[in-house]
Amino acid sequence: MTDMSIAWSEDYAWGLNPGARGLAGLLRPVKTKALAAPAVEPAWTASGDKPLIELRKVSKSFGPVMALENLEATILPGELVTVVGPSGCGKSTLFNILAGLEEPDPGNILRFRGKSSTASELLGRISFMPQRDLLLPWRNVIDNAILALEIEGMPRAQARAEALKMLPEFGLAGFEKQYPNQLSGGMRQRVALMRTFLFKRDLMLLDEPFGALDALTRTMMQRWLLDVWQKHRRTVLFITHDVDEAIFLGDRVLVMTARPGKVKLEQKIDLPRPRKADIVTSPEFIGLKKTLLDAIEEESMKSFMTSGH
Ligand SMILES: Nc1ncnc2c1ncn2[C@@H]1O[C@H](COP(=O)(O)OP(=O)(O)OP(=O)(O)O)[C@@H](O)[C@H]1O
């Protein structure tokens, strides 16, 4: 294995793989044709520090429920930004806005590559992997992986050929003909990630992709994901409830307030990359964890008190 051809392996269980690369997801294909061809180039180096997405004064109410209020955030090209916050603080609402599925309330400023935009104009520019893998049970691995490409209009043979090349990197070589019910939880998530990844978009939104996995599989998936991400240099926004995961993966961690959600703390994670498994025991990691846990606990307590649980 070289750092240009990462494959899933048991090395991820022990943190031995030094590689690097990117990821994957679902999508909303509607309107992709109406939009200019999405920029596929990994912008990390090309675009310098010019933001990919800027959110200013983003609020969203559902009737009397204010889910987000004056949220401000900036995502730079090539960044992996993690988002943590108490339950119900509006994380999914934020993702739905970025995925173009919900419009924020009037008065917001949303910029995409410096250009003023509505949420619906982002539809088709962003790939979105929801919490559940949403694999179609009647499609095998390869045909689930190419779903987005097919919907986009790519001929099936071409899409399959693209996906086949990517199988080893996603730990799925030899499993192309298997159906979702024949796969482990980690494999199902990798198929869903591969689908997101094949649908090459400017930003990938990952909503707790590892939330349902057991602790060991989850750790392996995190290490693998970092390798894939570093190699492909995609811009990723990643929701998690796990602070260790947020620090281990992120360039920055955004901590959200209790509802109505906004960004309470933006913590830069200066830990060196590639990140080794044992970084979680370093004093720097533990210091960051304490800062973040303090911020989250304050908000979780507010959320707990107001929700009456
Ligand atoms: N379509 C909707 N209609 C009405 N209320 C909604 C809708 N979507 C979200 N909400 C409300 O907005 C608030 C934020 O919800 P959201 O799902 O964004 O939070 P979350 O941080 O993703 O939650 P969790 O961490 O539990 O997944 C909640 O009070 C929720 O009930």
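Anything mentioned here points back to the structure above.
In short, a report on the structure. Because the structure is a prediction, the values reported are computed rather than measured.

In this structure, Pro-260 follows Arg-259 across a cis peptide bond, with omega equal to -5°. Structurally, Pro-260 can be placed in the loop between strand 9 (252–256) and strand 10 (263–268). Of note, the amide linkage connecting Arg-273 to Pro-274 takes the cis form, showing an omega dihedral of -5°. Looking at where Pro-274 falls in the secondary structure, it is placed in the loop between strand 10 and helix 10 (283–307). For Arg-113, which is not a glycine, the phi torsion comes out positive at approximately 50°. Following the sequence through the fold, Arg-113 ends up in the loop between strand 4 (109–112) and strand 5 (115–116).

Further remarks concern the site of the ligand. Every residue near the ligand is listed here: Phe-62, Val-65, Ala-67, Ser-87, Gly-88, Cys-89, Gly-90, Lys-91, Ser-92, Thr-93, His-241 and Arg-259. Separating an oxygen atom of the ligand from a side-chain N or O atom of Ser-87 is a distance of 2.7 Å. Here an oxygen atom of the ligand sits 3.2 Å away from a polar atom, N or O, in the side chain of Arg-259. In isolation the ligand exposes 640 Å². Once the protein is present, 61% of that is buried.

Cut-offs and rules
- Here, residues in each chain are numbered from 1, in the same order as that chain's written sequence.
- Two thresholds apply to this predicted model, a pLDDT of at least 70 for residue-level local features and 80 or more for giving and counting side-chain atom pairs, whereas whole-chain, interface and lining totals are computed over all residues.
- Hydrogens and water molecules were not included; the side-chain quantities draw on all heavy atoms of the structure.
- Note on conventions: DSSP H or I runs of at least 4 residues are helices, E runs of at least 2 residues are strands, and numbering of each starts at the N terminus.
- A single heavy atom is enough: if one lies within 4 Å of a molecule or strand, its residue is considered near that molecule or strand.
- Two N or O atoms form a polar contact when they lie within 3.5 Å of each other; inside protein one atom must be a possible hydrogen donor and the other a possible acceptor, and for residues adjacent in sequence the pair counts only when both atoms belong to side chains.
- Note on areas: Shrake-Rupley, 1.4 Å probe, and residue coverage restricted to the protein chains presented here.

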